[in-house]
Amino acid sequence: MSTLAPPMGLIAELTHRCPLQCAYCANPLEMVAPRAELSTADWLRVIDEAAEIGILQLHLTGGEPMARPDLAQIVAHAAARGLYTNLITSGVLLSDAAMAELLAAGIDHIQLSFQGAAEDAADRMGGYKGGHARKLEAARRIREAGLTLTTNFVIHRQNIADLPAMIALGEALGSDRIEIAHTQYYGWALKNRAALLPGRAQLDEATAQVAAARERLLGRIVIDYVVPDYYAERPKACMGGWGHRFIHLLPSGVALPCHAAQTIPGLAFASVRDTSLVDIWRSDPAFARFRGTDWMPEPCRGCDQRELDWGGCRCQALALAGDAAGVDPVCHKAPDHAIMAELIAADGPCADVPAPPLVPRRLAGV
Ligand code: FES
């Protein structure tokens, strides 16, 4: 890359605190304790730096970003600096008062996540009794506020049979967009993979159901569908390419090219506490490590897809094939592609084989 364009978005994990305990969470197993979180002043400065380098979007996530009492202040500051603000929330803390505060602050978009369509199962997965009912209320508040509503359903082996009901729920709630996302196996989800990975028949049925819903809802509701990497033939362009479109900030201020980058040994990541966002983007060796195509091994280097998939996912190449600089084993051209079939055989059995128990996501020591 001769000239480095500014990142499109800043993904801000404001906190790892969360009232929910979803076993499919992509947060790292070692989460950031509240005492180590950036202060309000830090976040406002980071937003100034983001605006200065031309970042357009601020994605506020967590954990549960609404657990931060200064969320509205952060949103207002971002809006004043011209950033598009997108709140990704479980909705369980989205009261009338919180909604009014966010609206006054200038929030642009809210993405509301659901653990399923059936109240009992959803509350069980979230580890939060009454959570599903609160989410329904949150959806109503978002619609009444006149905001665009995206509902997000993460699917896995234990709730995939309810997919038609999830789409119906998203429709009934007045969603403008419904995201059906197969679990991505990082962090807690990777730890729980054997309990979450669907079988091939389950996946095929879900894919057909999404296709039918897309046709039925065409022109009314957009349905995004995120397939599980494990069954793909082509790798995804993870984060739109390493160090290419996004900066991902941990609650502590550590800046990463992707949420799981700290799993890669030998990379040191700077913090916005002592390095500016622009210096991190332009000069941090960790951001440069897998940027562009020069780092690629064959067959990626000679592949005509290399500037579309950017070599797939480095963290997954490490987690599944043991080499972050190797070919993503999801790719059908990868020397290690057979690993995927072995993993599916081991962890993605037929629906009638009982799944092992889930390990709930827990923030230790608080
Ligand atoms: Fe790190 Fe994909 S999650 S590169």
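What counts and what doesn't
- Residues numbered from 1 in each chain as written.
- Predicted model: local features only at pLDDT ≥ 70, side-chain atom pairs only at ≥ 80, totals over all residues.
- Helix = DSSP H or I, 4+ residues; strand = E, 2+ residues; numbered from the N terminus.
- Rg over C-alpha atoms; globule rule 2.2 N^0.38 Å.
- Buried ≥ 20, exposed ≤ 12 C-beta atoms within 10 Å, placed from the backbone.
- Contact = placed C-beta atoms within 7 Å.
- Pairing = 2+ DSSP bridges.
- Axes fitted to C-alpha atoms, helices over the stretch in contact; angles between N-to-C directions.
- Parallel < 35°, antiparallel > 145°, perpendicular 65-115°, else oblique.
- Left-handed = near helix turned anticlockwise from the far one by under 90°.
- Nonpolar A, V, L, I, M, F, W, Y, C, P; charged D, E, K, R; others polar.
- Right-handed = clockwise from strand over helix to strand, strands pointing away.
- Expected span 1.5 Å × (residues − 1).
- Arc of directions from axis to C-beta.

Moving on, we get to the overall build of the protein. If you tally the helices and strands in the protein, you get 14 helices and 9 strands. Relative to the globule expectation of 21 Å for 366 residues, the C-alpha radius of gyration of the protein, 20 Å, shows essentially globular dimensions. Taking the principal axes of the C-alpha coordinates as reference, the protein spans close to 55 × 50 × 45 Å. Burial statistics for the protein: of 366 residues in total, 46% are counted as buried. Within the protein, contacts between residues separated by at least 24 positions form 73% of all contacts whose residues are at least 6 apart in sequence.

Spatially, E7-E6-E5-E4-E3-E2-E1-E8-E9 is the arrangement adopted by the 9 strands of the open sheet, whose pairing is mixed. Pairing within the sheet leaves two strands with one partner each, and these edge strands are strand E7 (222-226) and strand E9 (255-256). Relative to E9, strand E8 (residues 246-249) runs antiparallel, the two being bridged by 2 bridges. When the bridges of E9 are listed, Leu 249 appears paired with Ala 255. Here helix H5 (residues 131-144) sits on the sheet and contacts strand E4 (109-114) and strand E5 (149-155); the angle it forms with E4, its principal contact strand, is near 160°.

Another aspect to go through is the pairing of E8. Side chains Phe 246 and His 248 of E8 all project onto a buried face; the interleaved residues Ile 247 and Leu 249 project onto the opposite face, where all are buried too. Bridge count for strand E1 (residues 9-13) against E8 is 4 bridges, and the pairing is parallel. Note on E8: the bridge partner recorded for Leu 10 is Ile 247. The loop that links E8 with its antiparallel partner E9 comprises 5 residues; one of these, Gly 253, has a positive phi angle of about 100°.

Here helix H2 (residues 71-80) crosses helix H3 (residues 96-105) at 20°, and the two axes come no closer than 8 Å. As judged from the angle between their axes, H2 and H3 are roughly parallel. In the crossing of H2 with H3, the sense of the turn from one axis to the other is right-handed. On the side of H2, the interface is formed by Ala 72, Val 75, Ala 76 and Ala 79, while H3 contributes Glu 101, Leu 102 and Ala 105. Its residues assigned to classes, the contact of H2 with H3 shows 6 nonpolar, no polar and 1 charged.

This paragraph deals with the pairing of strand E2 (residues 57-61). When you tally the buried positions in E2, you get 4 out of 5 residues, the bulk of the element. Summarising the sheet, E1 and E2 pair through 5 bridges and their orientation is parallel. Each bridged residue has a counterpart across the sheet, and for Leu 10 the counterpart in E2 is Leu 58. Taking the sense of rotation as the criterion, the β-α-β connection linking E1, helix H1 (residues 40-53) and E2 turns out right-handed. Note: E2 against strand E3 (residues 84-89), 4 bridges, orientation parallel. Following the sheet pairing, His 59 is matched in E3 by Asn 86.

If you check H5, its first and last C-alpha atoms are 20 Å apart, about what 14 residues at 1.5 Å a residue would give, namely 20 Å. Those residues of H5 that sit buried are Gly 131, His 132, Lys 135, Ala 138, Ala 139, Arg 141 and Ile 142. What you see down the axis of H5 is that its buried residues fit within an arc of 165°, all on one side. If you follow the buried residues of H5, they end up packed against H3, E4, helix H4 (119-126) and E5. Immediately beyond the C-terminal end of H5, within one or two residues, lies Gly 146, with a positive phi of roughly 85°.

All right, on to the packing of H1 against H2 then. The geometry of H1 relative to H2 is characterised by a closest axis approach of 10 Å and an angle of 20° between their N-to-C directions. Judged on the interaxial angle alone, H2 and H1 are roughly parallel. Pair H1 / H2 crosses with right-handed handedness. Residue-level inspection shows Thr 40, Trp 43, Leu 44 and Ile 47 of H1 in contact with H2, the latter providing Gln 73, Ile 74, His 77 and Ala 78. Taken together, the residues of the contact of H1 with H2 sort by class into 5 nonpolar, 3 polar and no charged.

What follows is about the environment of Gly 312. One can find Gly 312 in the loop between helix H12 (306-309) and helix H13 (314-321). With 73 residues separating them in the primary sequence, Gly 312 and Met 239 have C-alpha atoms 9.1 Å apart. Setting aside anything within four residues of it in sequence, one finds Gly 312 in contact with Pro 235, Lys 236, Cys 238, Ala 317, Asp 328, Val 330 and Cys 331.

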